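Summary of the model geometry
Chain by chain, the residues:
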Amino acid sequence: MTEMLWTESEIVSLGAGELRGALAMPVNGASIDTRTLARGDIFFAIMGKQRDGHDFVAAAFEKGAGLAVVSEPTPDMEKLGPLYVVGDTLRAMEAFGVHARARCGGRVAAITGSVGKTGTKEALRQCLDGQGRVHASAASYNNHWGVPLTLARLPADAEFGIFEIGMNRPGEITPLSRMVSPHVAVVTTVAPVHLGAFSRVEEIADAKAEIFDGLRKGGTAILNVDNVHFDRLKSAAVEAGAGEIIRFGESKGADAALLEASLQAEGSVVRAAICGEDVTYKIGAPGRHLVLNSLAVLAAAVALGGDLALSALALANWHAPKGRGERLVLEMPGGTVTIIDESYNANPASMRAALALLGLSEPGRGGRRIAVLGDMLELGDASREHHGALAGDIEAADADLVLACGKDMAALWESLPASRRGTYAESSDGLEAALLDAVQPGDVLVVKGSLGSRMGPLVKALKSHFQESKR
């Protein structure tokens, strides 16, 4: 195992800046946020739109930072601890990341897609954990800050690296994929997301295909054969030099093929053929979308050199994270209420998947299925149309009641029969009192919306109002 993530000599050799002062402790991590900084971390003082990291250098050293990377040093800073003085702190973090990637001899995967990136990354981490030292993106660290930060944390002796890469507009994935330089690139799917920055869904497919710009020559591309943009993505992968295309899904010709699935409220049992081998396994989280993504996960595990049987077995321990399908059971007078927390983000594809989860759930005696929905953002001129179209998914899920907020979610509200209308508000703040008043014992709720719709506070309000069950 590597005893020290970054040595003083390595930092000097980067040539990205000037080291002032000697390291006084082992440097074993990297951070851009003093709230989560651990002792021995390098603190990168990133200059953001809202905050300047230089304002937090003192706090970083108070929490035990081993080094601060700054572009605007002051005499007071130099008294606090060792500094690495650079022209641009973000560029310096990228230099750390590129160097860390170059020194690591492990196998690396990069994952993108309109939906399912984080869940797929976490499932692949779960599969490979125990088969070697695994390093993966924390949370949803998938942007121009998160990817180089994750790379800067990459140990030289990691045997597997798993990176999530996202985008909001064209051209964002290419530089990140080139930094990651993956052996395996996964595109979960292409769907109408971030349409405010694109005129057609085909442009979204092209932006996702940028992940192949960093794929190592002869590497493996894992693509959703059921997606209408499969041929477009395949052509881009082949043109970029992919040596192998693995198709996953239900359609004819899939290399990672779904043969049978039993969908249940708490998880699924799956029978699949993965690259020529039949395998039956359990998934610890529910949803057909996770069943399909599990095919890509197992294909990626095999492509990275993992053992298929061990990987499939590990999926039984795959549980949905906070805000992305986590199930909470809360105690209330007379029984319990179940919350499916999907509050982290939303787009038409993930909203349909969340409503399907609600449909799979069985309410308790006297309980109902309730959808608590906020706006899906960044959908451009067609936003109201996408919101209104969810009425069919509400019906398919057999939802008894809908509570909605946001100007575009009003289009769904107007499409619903009066029997399904609970409460509508312009913002999530205006929905809280009605939500707390509406829930009854036995209810199952799904809470879903884009991050900017602020649906997370509604989950927090429910948890504050009712006690979480210990059962």
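Notes on the structure in this doc start here. All of these numbers come straight from a predicted model, not from anything done at the bench.

The rules behind the values
Residues numbered from 1 in each chain as written. Predicted model: local features only at pLDDT ≥ 70, side-chain atom pairs only at ≥ 80, totals over all residues. Heavy atoms only, no water. Helix = DSSP H or I, 4+ residues; strand = E, 2+ residues; numbered from the N terminus. Rg over C-alpha atoms; globule rule 2.2 N^0.38 Å. Buried < 20%, exposed > 50% of the residue type's maximum accessible area, 1.4 Å probe, protein only. Areas by Shrake-Rupley, 256 points an atom, 1.4 Å probe, with all protein chains shown as cover. Lys, Arg positive; Asp, Glu negative; His and termini not counted. Charge placed at Lys NZ, Arg CZ, Asp CG, Glu CD. Axes fitted to C-alpha atoms, helices over the stretch in contact; angles between N-to-C directions. Parallel < 35°, antiparallel > 145°, perpendicular 65-115°, else oblique. Left-handed = near helix turned anticlockwise from the far one by under 90°. Contact = heavy atoms within 4.5 Å. Nonpolar A, V, L, I, M, F, W, Y, C, P; charged D, E, K, R; others polar. Pairing = 2+ DSSP bridges.

**Focus on the overall build of the protein**
- Within the protein one finds 17 helices and 21 strands.
- Rg of the C-alpha trace for the protein: 23 Å, near the compact-globule value of 23 Å for 471 residues, within the 12% margin.
- Summarising its shape, the C-alpha atoms of the protein cover approximately 70 × 55 × 45 Å along the three principal directions.
- When burial is assessed residue by residue, the protein has 55% of its 471 residues classed as buried.
- Summing over all exposed atoms, the protein offers an accessible surface of approximately 19700 Å²; the carbon and sulfur share of this is 48%.
- Measuring between centres, the 46 positive side-chain charges of the protein sit 1 Å from its 57 negative side-chain charges.

**Some details on the packing of helix α5 (residues 117-128) against helix α10 (residues 288-303)**
- The geometry of α5 relative to α10 is characterised by a closest axis approach of 9 Å and an angle of 45° between their N-to-C directions. Relative to α10, the element α5 is oriented oblique. The way α5 lies across α10 gives a crossing that is right-handed. Contact residues: α5 offers T120, A123, L124, C127 and L128, while α10 offers N293, V297, L298, A300 and A301.
- For the contact of α5 with α10, the class distribution of residues is eight nonpolar, two polar and no charged.

**Re the sheet that holds strand β13 (residues 268-274)**
- Read from one edge of the open sheet, nine strands run β7-β8-β6-β9-β10-β11-β12-β13-β14, paired in mixed fashion. Where the open sheet ends on each side, the last strands, each with one partner, are β7 (134-136) and β14 (277-283). Averaged over all adjacent pairs, the angle separating strand axes in this sheet is 15°, with direction ignored.
- Taken together, the seven bridges between β13 and β14 define a ladder with antiparallel strand orientation. The partner of V269 across the bridge, within β14, is K282.
- Strands in contact with α10 are β6 (107-112), β9 (184-187), β10 (220-224), β11 (244-249), β12 (256-263), β13 and β14; relative to β12, the strand with the most contacts, it is inclined by about 140°.

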